[in-house]
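The lines below spell out each chain.
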Amino acid sequence: SEPTTSEEIKGFYDLHAQGYDIFVKKIKKVSHIIGPQELAKQLKVMKCPPDAKIADVGAGTGMPGQTMKELGYTNMTAFDISPGMLEEAKKKDVYTDFILCDFNEDTMEKYHKQFDHAISIGSFVSGHLTCGALDKIARIVKSGGLVCISFRERNLESEELGYKQKLEEMEKNG
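Computed from a prediction, not measured in an experiment: that's the story for all the values here.

### Section: the packing of helix 1 (residues 6-16) against helix 5 (residues 83-90)
Move 1: The N-to-C vectors of helix 1 and helix 5 enclose an angle of 40 degrees; their axes lie 7 Å apart at closest approach. The angle between helix 1 and helix 5 places the two elements in the oblique class. For the pair helix 1 and helix 5, contact is made by Lys 10, Tyr 13 and Asp 14 and by Pro 83, Gly 84 and Met 85, respectively.
Move 2: Looking at the contact of helix 1 with helix 5 residue by residue, the classes come out as 3 nonpolar, 1 polar and 2 charged.

Spelled out as structure tokens, the structure:
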């Protein structure tokens, strides 16, 4: 069965951290490339400096951060629930800071409006980050900042997960 609790998810990713990048390449998953490319495109339109402070929520082994660095963005902080995944991310030398946390459980008040922008690739899936994490990501980003989140269409459309409804509510409320 798939991991669903924070402890199960942490354990699952700790167990698979070392082989995770190989697995992602094998299944030809590309969201860790496309998501950062889309964010970088918008940041360039905004004339955002390359040292803008960017939060990578659910950074995992750092593949989205690696792409962002290749695109010229150098001031990224990795947030993840798994110590093993953060250890793998450290090996890529793309982040300035590493924060072990659970966006579902932790308040994240300490990081309120500390980031210019945020990205989250592959973390909003069943059993992982919940709708409440969307509010927390929005709160850690300064006013006017961009938030780039990837969703599988089936997860975005799932009424049970409620992501689409939450995003619409957030957009309506500004």
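From this point on, the discussion continues.
### Quick notes on the pattern of salt bridges
Move 1: As enumerated under the stated definition, the model contains 7 salt bridges in all.
Move 2: One salt bridge in this structure joins Lys 41 and Glu 38, with 3.2 Å as the shortest N-O distance. Here Lys 41 and its partner Glu 38 are both found in helix 3 (residues 31-45), 3 residues apart, which amounts to about one turn of the helix.
Move 3: The partner of Lys 166 in a salt bridge is Asp 135, and the shortest N-O contact between them spans 2.8 Å. Here Lys 166, found in helix 8 (residues 163-172), pairs with Asp 135, found in helix 6 (residues 131-140); they are 31 residues apart in sequence, far enough to count as distant.
Move 4: On the accessibility criterion, Lys 166 (14% relative accessible area) is buried.
Move 5: Since its relative accessible area comes to 25%, Asp 135 is described here as partly exposed.
Move 6: Residues joined in a network through salt bridges with shared partners are Asp 135, Lys 166 and Glu 169.

### A word on the nonpolar core
Move 1: Judged by nonpolar contacts, the single largest core of 19 residues is most densely connected at Phe 79, Phe 103 and Ile 140.
Move 2: Looking at this core, the elements that each hand over two or more residues are strand 1 (54-57) and helix 6.
Move 3: Beyond its immediate stretch of four places on either side in the chain, Ile 140 contacts Ala 55, Val 57, Phe 103, Met 108, Tyr 111, His 112, Lys 113, Gln 114 and Phe 115.

### Some remarks on the state of the cysteines
Two cysteines, two sulfur atoms, one covalent bond between them: this is a disulfide.
Move 1: Applying the stated criterion across every chain, the model contains 0 disulfides.
Move 2: Take Cys 131: it sits in no disulfide, and the sulfur closest to it among the cysteines is that of Cys 148, at 18 Å.
Move 3: The class of Cys 131 is buried, set by a relative accessible area of 18%.
Move 4: Classification of Cys 148 as buried rests on a relative accessible area of 16%.

### Side note on the environment of Leu 134
Move 1: On the secondary structure map, Leu 134 appears in helix 6.
Move 2: Placed 15 residues apart in sequence, Leu 134 and Ile 119 show a C-alpha to C-alpha distance of 11 Å.
Move 3: Among all residues touching Leu 134, those that are not within four sequence positions of it are Phe 124, Ile 149, Phe 151, Tyr 163, Lys 166, Leu 167 and Met 170.

### Overview of the sheet that holds strand 2 (residues 76-80)
Move 1: On the basis of which strands lie adjacent, the open sheet formed by 5 strands has the order 3-2-1-4-5 and parallel pairing. Edge strands, defined here as strands with exactly one partner in the open sheet, are strand 3 (97-100) and strand 5 (147-149). Going across the sheet, the axis of each strand differs from the next one's by a mean of 15 degrees, ignoring polarity.
Move 2: Here strand 4 (residues 117-120) runs beside strand 5; their pairing, made up of 3 bridges, is parallel. When the bridges of strand 5 are listed, Ala 118 appears paired with Val 147.

Analysis parameters
Sequence order as written defines the numbering, with residues in each chain counted from 1. Whole-chain, interface and lining totals are the exception, using all residues; otherwise, since this is a predicted model, local features are given only for residues with pLDDT of at least 70 and side-chain atom pairs are given and counted only at 80 or more. Working from all heavy atoms in the structure, the side-chain values ignore hydrogens and water. Note on geometry: axes are C-alpha line fits, over the in-contact stretch for helices, and angles between N-to-C directions span 0 to 180 degrees. Each helix corresponds to a stretch of at least 4 residues labelled H or I by DSSP, and each strand to a stretch of at least 2 residues labelled E; elements are numbered beginning at the N terminus. Any angle that is under 35 degrees is reported as roughly parallel, and any over 145 degrees as roughly antiparallel; angles of 65 to 115 degrees are reported as roughly perpendicular and all others as oblique. Two residues qualify as a contact provided that any one of their heavy atoms is within 4.5 Å of a heavy atom in the partner residue. Residues are grouped as follows: Ala, Val, Leu, Ile, Met, Phe, Trp, Tyr, Cys and Pro are nonpolar; Asp, Glu, Lys and Arg are charged; all remaining types, including Gly, are polar. What counts as a salt bridge is simple: a side-chain nitrogen of Lys or Arg found within 4 Å of a carboxyl oxygen of Asp or Glu. For the exposure calls, accessible area comes from a 1.4 Å probe over protein chains only, and a residue counts as buried if that area is under 20% of its type's maximum, exposed if over 50%, partly exposed in between. Here, the term nonpolar core denotes a set of buried Ala, Val, Leu, Ile, Met, Phe, Trp, Tyr and Cys residues that are joined through side-chain atoms within 4.5 Å. Disulfides are defined in this document as cysteine sulfur pairs within 2.5 Å. A pair of strands is considered paired only if DSSP assigns at least 2 bridges between the two.

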